[in-house]
Amino acid sequence: MVFGLDGWRRRRALERVVIPDDLWAATLREYSFTRGLTTEQQARLRERVALFIDEKSFSGAHGLELTDAMILAIAVQACMLALELDAEVYRGWVGIIVYPSAFLPRHTWVDEAGVVHHDDRSMMGEARYDGPVILSWDDVANAGAEDGANVVIHEFAHKLDMLNGTANGYPLLHKGMSRQRWSDVFGTAYQDFSRCVDRGVYTRIDPYAAESPGEFFAVLSEVFFETPDVLVLEYPDVYEQMCQFYRQDPATRLSPREEAGA
Ligand SMILES: [Zn+2]
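So, here is what we can say about the structure in this document. (Residues numbered from 1 in each chain as written. Predicted model: local features only at pLDDT ≥ 70, side-chain atom pairs only at ≥ 80, totals over all residues. Heavy atoms only, no water.)

## Description of the coordination of the zinc ion
Then, in step 1: Here the zinc ion is held by His 154 (NE2), His 158 (NE2), Glu 215 (OE) and Glu 215 (OE), and the distances to it run 2.1 to 2.7 Å.
Then, in step 2: Around the zinc ion sit 4 donor atoms; with metal-centred angles ranging over 53 to 142°, the donor geometry is irregular.
Then, in step 3: All donor residues of the zinc ion come from one chain, and their arrangement in sequence is H-x3-H-x56-E. Placement of both His 154 and His 158 in helix H6 (residues 151-161) is noted, with a separation of 4 residues, approximately one turn of the helix. Of the two residues, His 154 and His 158, both sit in the buried class. (Donors = N, O, S within 2.8 Å, 3.2 Å for Na, K, Ca; no water. Tetrahedral: all angles 85-135°; square planar, octahedral: opposite > 155°, others 65-115°. Helix = DSSP H or I, 4+ residues; strand = E, 2+ residues; numbered from the N terminus. Buried < 20%, exposed > 50% of the residue type's maximum accessible area, 1.4 Å probe, protein only.)

Written out as structure tokens, the structure reads:
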């Protein structure tokens, strides 16, 4: 009985991972984009986080000792992204490796002329297809600032994008979403943004987004959750598509509500 087994696994996982109330509250306070969640969403987030921590294997590299607070910080951000998505979206891989600071990926690739290249740019995060997510703790620790930059959201957006192949900015869309519309809206915005970056125009969105359509989607996911007003202003059609994709509307959720009777 598949359902019974899943239910049993879920119960066992929730018994194994108990998140203390004070640590939970402190972590949510750290990440502004968790503001405005309903009680039901908060409860679901907490359960998803516990299952995520149980299912993933967290390891510190270069002698970094991971604390419960560090693991929780990563899990909350990753699960926030997928809060309204299928519970299985992060299945199929287990490793989360955390370096103390920016790391060298040691990638090699062979170009069309047969020359082998070594990637020597230090990175704050990396998501491997069917493999681990790698993060720099220095950058995770700074991710709480409400500035539209968040390495955890970035890497896990790549993971969602990879559910239908490479991270190309064209993730698996939900029923009822139009592939054509997604392509048109993102394509137009990407061209516009790349032109601005090429001309050296100041952009409120990280110019790294112009690197490729895959990076555009990941960087815009950071903006969508952390500073959604920027995306609403710059690319409203992209914002609307992302609302449909993530099934969240952070601009509305994070906007200050009028106090009753004020
Ligand atoms: Zn990226």
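## Regarding the sheet that holds strand S2 (residues 95-99)
Then, in step 1: One open sheet accounts for 4 strands, arranged S1-S2-S6-S5; its pairing is mixed. Looking along the sheet, the strands with just one partner apiece sit at the ends: strand S1 (57-60) and strand S5 (125-127). Strand-to-strand twist across the sheet, computed as the mean angle between neighbouring axes with direction ignored, equals 15°.
Then, in step 2: Here 4 bridges tie S2 to strand S6 (residues 133-136), and the two strands are oriented parallel to one another. Residue pairing across strands places Val 98 opposite Leu 135, the latter belonging to S6. (Pairing = 2+ DSSP bridges. Axes fitted to C-alpha atoms, helices over the stretch in contact; angles between N-to-C directions.)

## A closer look at the nonpolar core
Then, in step 1: Ranked by internal contacts, the top residues of the largest apolar core, which has 74 residues, are Val 49, Tyr 90, Phe 156 and Tyr 246.
Then, in step 2: With 11 residues, the single largest contributor to this core is helix H4 (residues 68-81). (Core = buried A, V, L, I, M, F, W, Y, C linked by side-chain atoms within 4.5 Å.)

## Remarks on the pairing of S6
Regular strands show a simple pattern: their side chains alternate between the two faces of the sheet.
Then, in step 1: Neither face of S6 is exposed, since Val 133 and Leu 135 on one face and Ile 134 and Ser 136 on the opposite face are all buried.
Then, in step 2: Where S5 lies against S6, 3 bridges are found, and the strand directions are antiparallel. Across the sheet, residue Glu 126 finds its bridge partner in S6, namely Ile 134.
Then, in step 3: Once S5 ends, the chain turns through 5 residues before running back antiparallel as S6, passing Asp 130 with a positive phi of about 60°.

## Focus: the packing of helix H8 (residues 213-226) against helix H10 (residues 236-246)
Then, in step 1: Contact pair H8 / H10: the axes reach a minimum separation of 11 Å and the direction vectors enclose 85°. The orientation of H8 with respect to H10, classified from their angle, is roughly perpendicular. Each of Phe 217, Leu 220, Ser 221, Phe 224 and Phe 225 in H8 lies in contact with H10, whose residues at this interface are Val 238, Tyr 239, Met 242, Cys 243, Phe 245 and Tyr 246.
Then, in step 2: Counted by class, the contact of H8 with H10 contains 10 nonpolar, 1 polar and no charged residues. (Parallel < 35°, antiparallel > 145°, perpendicular 65-115°, else oblique. Contact = heavy atoms within 4.5 Å. Nonpolar A, V, L, I, M, F, W, Y, C, P; charged D, E, K, R; others polar.)

## As for the pattern of salt bridges
Then, in step 1: Tallied over the full model, the rule gives 10 salt bridges.
Then, in step 2: Notably, a salt bridge pairs Asp 54 with Arg 16, separated by 2.7 Å at the nearest N-O pair. One end of the pair, Asp 54, is in helix H3 (residues 39-55); the other, Arg 16, is in helix H1 (residues 2-16), and 38 residues separate them in sequence.
Then, in step 3: Here Asp 54 falls in the partly exposed class, since its relative accessible area comes to 26%.
Then, in step 4: For the salt bridge of Arg 44 with Glu 84, the shortest nitrogen-to-oxygen distance reads 3.3 Å. Here Arg 44 is found in helix H3, whereas its partner Glu 84 is found in the loop between H4 and S2, with 40 residues between them in sequence.
Then, in step 5: Overall, the relative accessible area of 22% leaves Arg 44 in the partly exposed class. (Salt bridge = Lys/Arg side-chain N within 4 Å of Asp/Glu carboxyl O.)

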